[in-house]
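# Residue-level structure breakdown
Chain by chain, the residues run as shown.
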There are 2 protein chains.
Amino acid sequence: MTSATNSSVSDLFQLLRDGEPRTRAQLASATGLSRSTIGLHVDTLLESGLVTPIADAASTGGRPSARIALKPDARLIAAADLGATHVTLAITDLVGKTLSETFTPLEIALGPTNALDWITNGITELLTQISRDPCDLAAIGIGLPGPVEHDTGRPSNPPIMPGWDEFDVPHYVQRTFNVPVLVDNDVNIMALGERAANWPDANNLIFLKVATGIGAGIISSGVLQRGDRGIAGDVGHIRVARGAGVICRCGNEGCLEAIAGGPAIAAHLVTEGSSADSLAGVFALVRSGDLAAILAVRQAGKDIGEVLNMCVSIVNPSVIVIGGSMAEVSEHLIAGIREVVYARSQPLATQNLTIAPSRTGPEAAILGASLMAADFVMSPKNINALNTRGNALA
Amino acid sequence: MTSATNSSVSDLFQLLRDGEPRTRAQLASATGLSRSTIGLHVDTLLESGLVTPIADAASTGGRPSARIALKPDARLIAAADLGATHVTLAITDLVGKTLSETFTPLEIALGPTNALDWITNGITELLTQISRDPCDLAAIGIGLPGPVEHDTGRPSNPPIMPGWDEFDVPHYVQRTFNVPVLVDNDVNIMALGERAANWPDANNLIFLKVATGIGAGIISSGVLQRGDRGIAGDVGHIRVARGAGVICRCGNEGCLEAIAGGPAIAAHLVTEGSSADSLAGVFALVRSGDLAAILAVRQAGKDIGEVLNMCVSIVNPSVIVIGGSMAEVSEHLIAGIREVVYARSQPLATQNLTIAPSRTGPEAAILGASLMAADFVMSPKNINALNTRGNALA
């Protein structure tokens, strides 16, 4: 099989990645390839195991099924979401559906080998649980709570991750599983997951995580934007008006996260005589209808709105999703955000703009990590490598 | 010729778009196509006229040239840059080289038919000047001084362009030249031109135009980002600290362009007793070493720096280029910008960041408009249509 032929097999496969079953005639008309070429390529894909015949409801038996489609569980993806104090790990199929999942409390500050050993052991266990072979694994996607140089998979000066700076995450994981390992920061993978789950048609979307820190995952022209050094969307350290005189943990004055992050809201309530000295305490007060707590969250929403205004002017998104632990009180947070964004942004930028709470929650991260890895191995550039491994399945 | 074959002819052509001459052997090894397939495809491309044999320095004659390359002037592009009070029009080749150019003062406020008729007449005249046929025209690229919905080529509520709102620019131009007509705002095409001319390796670049208005063209992941409604980069209406109490022409308070645009600087100097009541007057004062004028420009740079800080956090570019008429005094403007950006942005975002004046000047717009149109017609999706027309040249 020449590379030229491989290239049209890949074209055919890209078409089938949406999961829709298609007849050979439909494939021929969509690609312009001749029926005989389609026949040969479909045979190649069926042999690889990545594609499967679909039982036809109207079939009268005897004839081979007229339709074929992607076989999502032909190969598997491992997806991990590491937070400051936890790891979630899942095995998914090629379209991000979770087949098996596990969770553990784990301090990221204990360093990379501790966390990554837990992940590689976990992958082996999860595969065993679902009776699948390690060779079925096609790729691994990992989200980390700090800046990551995506091209190399190395964290860059992550503030809450001692020992991780410049650590070669893919290389370490590949000592156990010799597959592509894709690494990104948690906000970026949450943006990918949230979009795939709830806003598949939004090509310009901002996912804002509001928790202890504040950060954004930005999708423009349908592509996650990482910027030159992988730190695009680092909006928590933009200066806001109300921040004057407040010093942030980054050393600058007036950063958004120093006045609107979870700990800042809790600290503010304590100075007002409230008992809420933690984020959980703030949530409880808000749910109990405590006016000071509600106003504090709404004020944080307004501060966040000030920065989202800038994001709206610069990125011009159609959707802004608010996620992260503060999404627990998203009703009041988003009220404050909307108040500022709709009052201040240019009409053309807001007339088609939706601001909504995350509907996917923590699963957004696992879904996003899975899709990041699956997208890499099924891309036109890499699909032939996957195909070769896939042949072992046939 | 089947579509499948067309697809590999297009692959071959995409490879040759960089202008590098290649032998058939080099093409075979780069594409994986067989020597005989390459031979057939090269014949197709030579017939289309888009590709030409390159005279080989070491050739001893008799044998056909071993190398082929893109023939940049096989087809032509018309590129127009419309400002508030002028139009520049050029005929370029397929890689943006100007073959013929003309300029006229023209009030954009007189409406679209006035300006577009001048452009279509101008294209005909320029083609005659260089003895080329209207059929040689492959596409037209147009930059306008206001927001444009790029997909339809219609201006959207452009503030200084009465009569242009929602006007179907491509349709009107196509009554004379039935070729693709691509329209965008001037800042976006300047970003494309500046990058192509001076920063071809910068995949994350912000072009900031500072003139009467202030706006940015944003290139992320190598792609110009237009956002959901074509108004990404509308940074002139972001609120800045020093703008408190100043009402912008957009109706909001504190917009960047209301205090750091050219007219704002001139007006400020007049209140200080200066004679500079125009931008030209400001430039003259700055060049004469007038301290108040220098400080006013530097202060505008600091205000702009405040907004560029946000752009740096959100987009994470490696290059910021300052263009527009205020680039006349870019030395002092950029001093102010650097002062704020390097003091305030996160170290990881600035350690690899270049802030530089535009090196291409007004030609950036013509080059960008040309490349926008050429890129469209030579893309894998559209090249076959161009090819068909191109056959007439052979």
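## Description of the overall build of chain A
Tallying secondary structure elements over chain A gives 14 helices and 15 strands in all. For 394 residues, the compact-globule estimate of 2.2 N^0.38 gives 21 Å, and the C-alpha radius of gyration of chain A, at 23 Å, lies within 12% of that figure. Taking the principal axes of its C-alpha atoms as reference, chain A extends roughly 75 × 50 × 40 Å. Relative to its 394 residues, chain A shows a buried fraction of 49%.

## Quick look at the interface of chain A and chain B
Often the size quoted for an interface is simply the accessible area lost on bringing the parts together. Each side of the interface is counted separately: chain A has 42 residues, and chain B has 41 residues. The biggest single contributor to the side of chain A that touches chain B is helix α10 (residues 291–315) of chain A, with five residues. For the side of chain A that touches chain B, the class distribution of residues is 17 nonpolar, 21 polar and four charged.

## Structural notes on the relation of the copies chain A and chain B
At an RMSD of 0.1 Å, chain A and chain B line up after a rotation of 180° and a shift of 0.1 Å along the axis. In the structure described here, the two chain copies are related by an operation that fits a two-fold rotation axis.

## Comments concerning the sheet that holds strand β11 (residues 205–210) of chain B
Residue and element names in this part refer to chain B. Read from one edge to the other, the open sheet built from five strands follows the order β13-β12-β11-β14-β15, with strand pairing classed as mixed. Of all strands in the sheet, those bounded by a partner on one side alone are β13 (223–225) and β15 (354–357). When strand polarity is set aside, the average angle formed by the axes of neighbouring strands in this sheet is 25°. Examined bridge by bridge, β11 and strand β14 (residues 319–323) share five bridges and lie parallel to one another. Looking at the pairing, F207 lines up with V321 of β14.

## Considering the environment of A:M310
When you line up the elements, A:M310 lands in helix α10. Beyond its immediate chain neighbours, meaning those up to four positions away, A:M310 contacts A:I238, B:I238 and B:M310.

## Some remarks on the sheet that holds strand β2 (residues 51–54) of chain A
Residue and element names in this part refer to chain A. The three strands lie next to each other as β1-β3-β2, forming an open sheet whose pairing is antiparallel. Each having just a single partner strand, β1 (22–23) and β2 make up the two edges of the open sheet. The sheet contact formed by β2 and strand β3 (residues 67–70) spans four bridges and is antiparallel. Each bridged residue has a counterpart across the sheet, and for P53 the counterpart in β3 is I68.

## With respect to the environment of A:F103
Residue and element names in this part refer to chain A. Mapped onto the elements of the fold, F103 is located in strand β6 (residues 98–105). Under the C-beta neighbour-count criterion, F103 is labelled partly exposed, with 13 such atoms within 10 Å. Taking the C-alpha atoms as reference points, F103 and G122, separated by 19 residues in sequence, lie 9.3 Å from one another. Once residues within four sequence positions are removed from consideration, F103 is found in contact with H86 and T88.

## Regarding the packing of helix α9 (residues 279–287) of chain B against helix α10 (residues 291–315) of chain B
Residues and elements named next belong to chain B. Orientation of α9 relative to α10, taken along the N-to-C sense of each, is 115°, at an axis distance of 7 Å. When the interaxial angle is binned, α9 and α10 end up roughly perpendicular. With respect to the hand of their crossing, α9 and α10 are arranged in left-handed fashion. Between α9, through V282, L285 and V286, and α10, the contact on the second element is made entirely by A293, I294 and V297. Across the contact of α9 with α10, the residue classes tally to six nonpolar, no polar and no charged.

## Looking at the nonpolar core
One broad rule of soluble globular proteins: the nonpolar side chains tend to lie buried together. Ranked by size, the top nonpolar core spans 233 residues in total, and within it A:L256, A:C311, A:A373, B:L256, B:C311, B:I314 and B:A373 carry the most contacts. Residues contacting B:L256, with those up to four places away along its chain left out, are B:I214, B:V235, B:G236, B:I238, B:V240, B:D303, B:I304 and B:V307.

## Details of the packing of helix α8 (residues 262–271) of chain A against helix α9 (residues 279–287) of chain A
Residue and element names in this part refer to chain A. Two numbers describe how α8 lies on α9: the axes approach to 9 Å, and their chain directions differ by 65°. By the angle class used here, α8 and α9 are roughly perpendicular. For α8 against α9, the interelement crossing comes out left-handed. Note on element contacts: α9 touches α8 through L279, G281 and V282, opposite G262, I265, A266 and L269.

## A few points about helix α4 (residues 112–129) of chain A
All names here are of chain A. Compared with an ideal rise of 1.5 Å per residue, which puts 18 residues at 26 Å, α4 spans 25 Å between its outermost C-alpha atoms and is within 8% of the ideal. Looking only at α4, the buried set comprises P112, A115, L116, I119, G122, I123 and L127. Along the long axis of α4, the arc covered by the buried residues comes to 130°, so they all point the same way. Residues of α4 that are exposed and angled more than 90 degrees away from the buried face: T113, N121 and T128. Those residues of α4 that are buried lie in contact with β4 (76–82), β5 (86–92), β6 and α5 (169–174).

## Section: the pairing of β14(B)
As a general feature of sheets, a regular strand has side chains that alternate between the two faces. Among the five residues that make up β14(B), five are buried, leaving the element largely enclosed by the rest of the structure. Side-chain alternation along β14(B) places B:V319, B:V321 and B:G323 on one buried face and B:I320 and B:I322 on a second face that is also buried.

## Concerning helix α8 (residues 262–271) of chain B
Restricting attention to buried positions, one finds in α8(B) the residues B:G262, B:A264, B:I265, B:A266 and B:L269. Backbone geometry just downstream of α8(B) places B:G273 in the positive-phi region, at approximately 90°.

## Comments concerning the pairing of strand β10 (residues 181–185) of chain B
In terms of burial, β10(B) is largely enclosed, as five of its five residues are buried. Going residue by residue along β10(B), you find B:V181, B:V183 and B:N185 tucked away on one face and B:L182 and B:D184 tucked away on the opposite face as well.

## Quick look at unusual backbone geometry
In the Ramachandran plot, A:N157 falls in the positive-phi region, its phi being about 50° despite a non-glycine side chain. Looking at where A:N157 falls in the secondary structure, it is placed in the loop between β9 (154–155) and α5. Using a count of 14 C-beta atoms within 10 Å as the deciding quantity, one classes A:N157 as partly exposed. Backbone geometry places B:S131, a non-glycine residue, at a positive phi of 55°. Here B:S131 shows up in the loop between α4 (112–129) and β7 (137–144). B:S131 gets classed as exposed once you count the C-beta atoms within 10 Å, which come to 6.

Analysis parameters
- Residues numbered from 1 in each chain as written.
- Chains lettered and ligands numbered in written order.
- Predicted model: local features only at pLDDT ≥ 70, side-chain atom pairs only at ≥ 80, totals over all residues.
- Helix = DSSP H or I, 4+ residues; strand = E, 2+ residues; numbered from the N terminus.
- Rg over C-alpha atoms; globule rule 2.2 N^0.38 Å.
- Buried ≥ 20, exposed ≤ 12 C-beta atoms within 10 Å, placed from the backbone.
- Contact = placed C-beta atoms within 7 Å.
- Nonpolar A, V, L, I, M, F, W, Y, C, P; charged D, E, K, R; others polar.
- Least-squares fit on C-alpha atoms with pLDDT ≥ 70 in both.
- Pairing = 2+ DSSP bridges.
- Axes fitted to C-alpha atoms, helices over the stretch in contact; angles between N-to-C directions.
- Parallel < 35°, antiparallel > 145°, perpendicular 65-115°, else oblique.
- Left-handed = near helix turned anticlockwise from the far one by under 90°.
- Core = buried A, V, L, I, M, F, W, Y, C linked by C-beta atoms within 7 Å.
- Expected span 1.5 Å × (residues − 1).
- Arc of directions from axis to C-beta.

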